[in-house]
Structures are given as C-alpha cells and as structure tokens.
Amino acid sequence: MPDRKVAERLKDFSEVPLGFTSEQARREAARCLQCAKAPCRDGCPVEIDIPGFIDLIRRGEYVAAADRILETNSLPAVCGRVCPQEDQCEKVCVLAGSGRTIAIGALERFAADRKYRRGTPAAARPKASGEKVAVIGSGPAGLTAAADLARMGHRVTVFEALHEAGGVLSYGIPEFRLPKEIVRREVETVRSLG
C-alpha cells in the first residue's frame, strides 16, 4: 500500500498510508489462492470470511465485500488499519512462506472505506427482542458487544466515562495511525444499529 511522502508527513499528523486504489485492490485480491481450508480465516480472531470478501473485491463488488466483513466484524475500517494482521491472518496465509502474503488488512480497509464513501444505508434493524442491555465502556470490545447485541434485537445503552466514544481507539492511538474521523464513523455505524 502506498504511503504519503516523508516531506508531507513531517508537516502534520494525518494518516500515513494512502490506501489502495481500486486497481491496486483488485490486483492484490487476484493474487489470493482462495484456499479450500483458508488458514487465514482460522488466524482471524473473529473468523472473517477472508477468501469470500477478497473474492468480492477481485470481482469489483466492494460494498458486498464490506458487508461480508461486517457479518463478523463491527469495526472493519478500524481493524483494517490497526489490527495486527501480520501476527494473525497474514502470518498463516499460505503465501507467507514466499514472503508475498496477501495484504488482508489493506484489503479490509479498502472495502470498508469504499462502503462508507458510497454512503450505503445502515443494515435494517431486526425485530425487537424486548430485552435491554447495558454495555460499560465504548472501547473496541464495548462497541463490538453493543453492535452484536443490537443485531440480535436487544435495546442497548452504552455507558462511557470519557467525552467521546471509542476508548483506546479515540484516546490511545495517534491520528497518523488511526484518524479520529474513522473512529467517529465506526461509532456512528454502531449507533445506527440502535
């Protein structure tokens, strides 16, 4: 994935990686071997259908790729930037032995950013279960729990002691690594679930 030039980076705290273009993402996705056993999926803590979303990117179906990720990961734009893929899914990619592992995190970021840029509507809310749940803390774990519970139809209230939601995503990761706008966008997506 291309980065901003050093001369530019010295002047601000904006995000360093530029992200893939459509052409770069499709070229990278085309390298995926679509393994039958998919060790990359086993290496992912939330078991994202990695071959599935990568194949959708290869075919140019970017929003569908993001939707596939969202089936198991509520924060794809965040995880595509800060999840340690090199020690998880990419580490067990069958191409890792060749030193040319698939850039799974960069592709996840690409799909999530594309979906948000298009302004696609939030997922439909499920039928209300009648249950109410309190989630304490709006860090990555709290946001994920809240999203999963809302998708089950529960009415969720998230309590946060700080001024902004996001926990370590908002207060612990520098802007050049994870822009606050990305965190706010992911929080709003979770909020839109109810």
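This structure is a prediction, so every number in the text was calculated from the model and none was measured.

Cut-offs applied
Throughout this description, residue numbers start from 1 for each chain and increase along the sequence as written. Confidence filtering applies because this is a predicted model: local features only for residues at pLDDT of at least 70, side-chain atom pairs given and counted only at 80 or more, and all residues used for totals across whole chains, interfaces and linings. Excluding hydrogens and water, the side-chain values take into account all heavy atoms of the structure. Helix and strand labels come from DSSP, where a helix needs a run of H or I of at least four residues and a strand needs a run of E of at least two; each type is numbered from the N terminus. In protein, a polar contact means a hydrogen-donor-capable atom and an acceptor-capable atom, both N or O and within 3.5 Å, with residues adjacent in sequence counting only if both atoms are side-chain atoms; elsewhere, any N or O pair within 3.5 Å suffices. Strands are treated as partners if at least two bridges between them are detected by DSSP. Call a crossover right-handed when, viewed with both strands pointing away from you, the route from the first strand across the helix to the second goes clockwise. Throughout, an axis means a line fitted to C-alpha atoms (over the contacting stretch in the case of helices), and angles, computed between N-to-C directions, take values from 0 to 180 degrees. For classification, angles of less than 35 degrees are called roughly parallel, those exceeding 145 degrees roughly antiparallel, those between 65 and 115 degrees roughly perpendicular, and all remaining angles oblique. Put simply, a crossing is left-handed when the front helix is turned counterclockwise from the back one by less than a right angle, and right-handed when it is turned clockwise. Any two residues having at least one pair of non-hydrogen atoms within 4.5 Å are treated as being in contact. Under the scheme applied here, a residue whose accessible area is under 20% of the maximum for its type counts as buried, over 50% as exposed, and between as partly exposed, the area being computed with a 1.4 Å probe on protein chains only.

S.K.: Just checking my understanding: could you explain the side chain of H154 for this structure?
M.R.: Looking at the secondary structure, you find H154 in the loop between α8 (140–151) and β2 (155–159). A distance of 2.5 Å separates polar atoms of two side chains, one belonging to H154 and the other to S129.

S.K.: I tried to follow the pairing of strand β1 (residues 132–136) on my own but got confused; where do I start?
M.R.: On a regular strand, each side chain points to the face opposite its neighbour's, so the side chains alternate between the two faces of the sheet. Bridge analysis of β1 against β2 gives five bridges, and the strand direction is parallel. Of the residues in β2, the one forming a bridge with K132 is R155. Taken together, β1, α8 and β2 constitute a β-α-β crossover, and its handedness is right-handed.

S.K.: Would you mind going over the packing of helix α4 (residues 50–58) against helix α7 (residues 104–118) with me for this structure?
M.R.: The relative placement of two packed helices comes down to the angle between their axes together with the axis-to-axis distance. Close contact between α4 and α7 brings their axes to 11 Å; oriented N to C, the two are set at 60 degrees. Taken together, the axes of α4 and α7 lie oblique to each other. Like other packed secondary-structure pairs, α4 and α7 cross with a definite hand, here left-handed. Across from I50, F53, I54 and I57 in α4, the residues of α7 making contact are I104, L107, E108, F110 and A111.

S.K.: I'm lost on α4 in this one. Help?
M.R.: Structural remark: α-helix, 3.6 residues per turn; residues separated by three or four positions point the same way. Along α4, eight of the nine residues are buried, which leaves the element largely enclosed by surrounding structure. Among the residues of α4, I50, P51, G52, F53, I54, D55, L56 and I57 are the ones counted as buried. Capping of α4 at its N-terminal end is provided by D49; its side-chain oxygen lies 3.0 Å from the backbone amide nitrogen of G52. Phi for G60, located one or two positions after α4, is positive at around 85 degrees.

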